[in-house]
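The residues making up each chain are set out below.
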Amino acid sequence: MEFVKNDKHFCKYYEGIFIFFKTGMRVSEFVRLTVSDIDLKNRKIIIDHQLQRTRDMQYVIEDTKTSCGVREISMADEVYECFKTIIQNRQKPKVEPIIGGKTGFLYLDKNGMPMVSLHWEKYFQHIREKYNKIYRVQMPKITPLVCRHTFCSNMAKSGMNPKTLQYIMGHSDIGVTLNTYTHVQYEDAEKEMSKILEVKPKHKNAM
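In what follows, the accompanying structure is described. (Residues numbered from 1 in each chain as written. Predicted model: local features only at pLDDT ≥ 70, side-chain atom pairs only at ≥ 80, totals over all residues. Heavy atoms only, no water.)

**Describing the packing of aromatic side chains**
At step 1: According to the stated counting rule, one finds 13 aromatic pairs in the structure shown.
At step 2: A centroid spacing of 6.1 Å and a plane angle of 35 degrees characterise the contact between Tyr 14 and Phe 18, whose relative ring orientation is tilted. One end of the pair, Tyr 14, and the other, Phe 18, are both in helix α2 (residues 14-23), 4 residues apart, so they sit about a helical turn from each other.
At step 3: With centroids separated by 6.0 Å and ring planes inclined at 45 degrees, the aromatic side chains of Phe 30 and Tyr 107 adopt a geometry described as tilted. Of this pair, Phe 30 sits in helix α3 (residues 27-30) while Tyr 107 sits in the loop between α4 (77-89) and α5 (117-134); the two residues are 77 residues apart in sequence, bridging distant segments of the chain.
At step 4: Residue Tyr 107 is classed as buried on the basis of its relative accessible area of 13%.
At step 5: A connected cluster of aromatic rings, assembled from ring pairs, spans Tyr 13, Phe 20, Phe 30, Tyr 107, Trp 120, Tyr 123 and Phe 124.
At step 6: Looking at Arg 43, its charged tip hangs above the ring of Tyr 80, at a distance of 3.7 Å from the centre. (Phe/Tyr/Trp six-rings, centres within 6.5 Å; stacked < 30°, edge-to-face > 60°. Helix = DSSP H or I, 4+ residues; strand = E, 2+ residues; numbered from the N terminus. Buried < 20%, exposed > 50% of the residue type's maximum accessible area, 1.4 Å probe, protein only. Lys NZ or Arg CZ within 6 Å of the ring centre and 35° of its normal.)

**Comments concerning the nonpolar core**
At step 1: Counting residues in hydrophobic clusters, the biggest one holds 43 residues, and the most contacted among them are Ile 19, Met 25, Phe 30, Leu 33, Ile 45, Phe 83 and Trp 120.
At step 2: If you list the elements that add at least two residues to this core, you get α1 (2-6), α2, α3, β2 (44-47), α4, α5, α6 (144-157) and α7 (162-169).
At step 3: Excluding anything up to four places from it in sequence, Ile 45 contacts Thr 23, Met 25, Leu 33, Asp 37, Ile 38, Arg 71, Glu 72, Ile 73, Met 75, Val 79 and Phe 83. (Core = buried A, V, L, I, M, F, W, Y, C linked by side-chain atoms within 4.5 Å. Contact = heavy atoms within 4.5 Å.)

**Quick look at the pairing of strand β4 (residues 59-62)**
At step 1: Summarising the sheet, strand β3 (residues 50-53) and β4 pair through 4 bridges and their orientation is antiparallel. When the sheet's bridge partners are listed, Arg 53 is paired in β4 with Tyr 59.
At step 2: Counted along the chain from β3 to the antiparallel partner β4, the turn is 5 residues long, and its residue Met 57 has a positive phi close to 65 degrees. (Pairing = 2+ DSSP bridges.)

**A few points about the side chain of Arg 26**
At step 1: With respect to the helices and strands, the residue Arg 26 is situated in the loop between α2 and α3.
At step 2: Reaching out from Arg 26, the side chain makes a polar contact with the side chain of Glu 29 at a distance of 2.7 Å.
At step 3: Not counting the four nearest positions on each side in its chain, Arg 26 is found in contact with Lys 65, Arg 71, Arg 148, Met 169, Gly 170 and His 171. (Polar contact = N/O pair within 3.5 Å; in protein donor to acceptor, adjacent residues only side chain to side chain.)

**Brief notes about the pairing of β2**
At step 1: Only one face of β2 is buried: it carries Ile 45 and Ile 47, and the other face, with Lys 44 and Ile 46, is open.
At step 2: Here 2 bridges tie strand β1 (residues 38-39) to β2, and the two strands are oriented antiparallel to one another. Across the sheet, Asp 39 pairs through a bridge with Lys 44, a residue of β2.

**Some points on the pattern of salt bridges**
At step 1: Following the criterion strictly, the structure yields 7 salt bridges and no others.
At step 2: Close ionic contact of Arg 26 with Glu 29 constitutes a salt bridge, the shortest N to O distance being 2.7 Å.
At step 3: By relative accessible area, which is 9% here, Arg 26 ends up buried.
At step 4: A relative accessible area of 0% means that Glu 29 is categorised as buried.
At step 5: Taking the shortest distance from any N to any O, the salt bridge between Arg 90 and Glu 96 comes out at 2.7 Å.
At step 6: Look at Arg 90 and you get buried, because its relative accessible area is 9%.
At step 7: Under the relative-accessibility criterion, Glu 96 is labelled partly exposed at 28%.
At step 8: Each of Arg 26, Glu 29 and Arg 71 takes part in salt bridges that share partners, so that together they form one network. (Salt bridge = Lys/Arg side-chain N within 4 Å of Asp/Glu carboxyl O.)

**Some remarks on the environment of Gly 104**
At step 1: In this structure, Gly 104 sits in the loop between α4 and α5.
At step 2: It is 9.7 Å that separates the C-alpha atoms of Gly 104 and Arg 32, two residues lying 72 residues apart in sequence.

**So, the sheet that holds β2**
At step 1: Taken in spatial order, the 3 strands make up an open sheet running β1-β2-β5, and their pairing is antiparallel. Edge positions in the sheet fall to β1 and β5 (71-74), since each of these pairs with one other strand and no more.

**Some remarks on α5**
At step 1: Given a rise of 1.5 Å per residue, 18 residues ought to cover 26 Å, and the 27 Å separating the end C-alpha atoms of α5 matches this to within 8%.
At step 2: Among the residues making up α5, those that are buried are Ser 117, His 119, Trp 120, Tyr 123, Phe 124, Ile 127 and Asn 132.
At step 3: On its buried side, α5 packs onto α1, α2, α3, β3 and α6. (Expected span 1.5 Å × (residues − 1).)

Put into structure tokens, the structure is as follows:
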């Protein structure tokens, strides 16, 4: 993230990428966000639709992927600051695009239209390619979906109630939350067992 923040070209996408990692939103939900969907006063994100662009370059507002996709997400302090910066630095086009009755989209492309999923996927790709040309230790492939997986796994490991996590992720089936997006390893299981049994984790070479 520091590489993105300090890069003179990609730094303008820093806040958006940070939000991907810290909210678990689908990219189609993020690109749909408008200024009115960001409640800075109450520090919450309102998600009730998603934005798609068809093959013939038509922009459409659709329902969320599942009925449970309609939700409100509380902002952590850092996420709040990111949205505040995005709104303050938002482009002021001569004509605001209106799609499906929605206007005030947070990010616009060079043509003054809302950025879509493909834009962000390309930004992630270009950031990785530039980073890997500079540094010996290579950056793995990261996409908005990887950010979503990472957020869900981190929240699960932190001990968040599964039903709460299901709500935040917008999943209709908690099985998706638990089985698809969380990646628990041996060390995680060992720590949890230790908490329950109130004993310290034992090292593998312990007698």
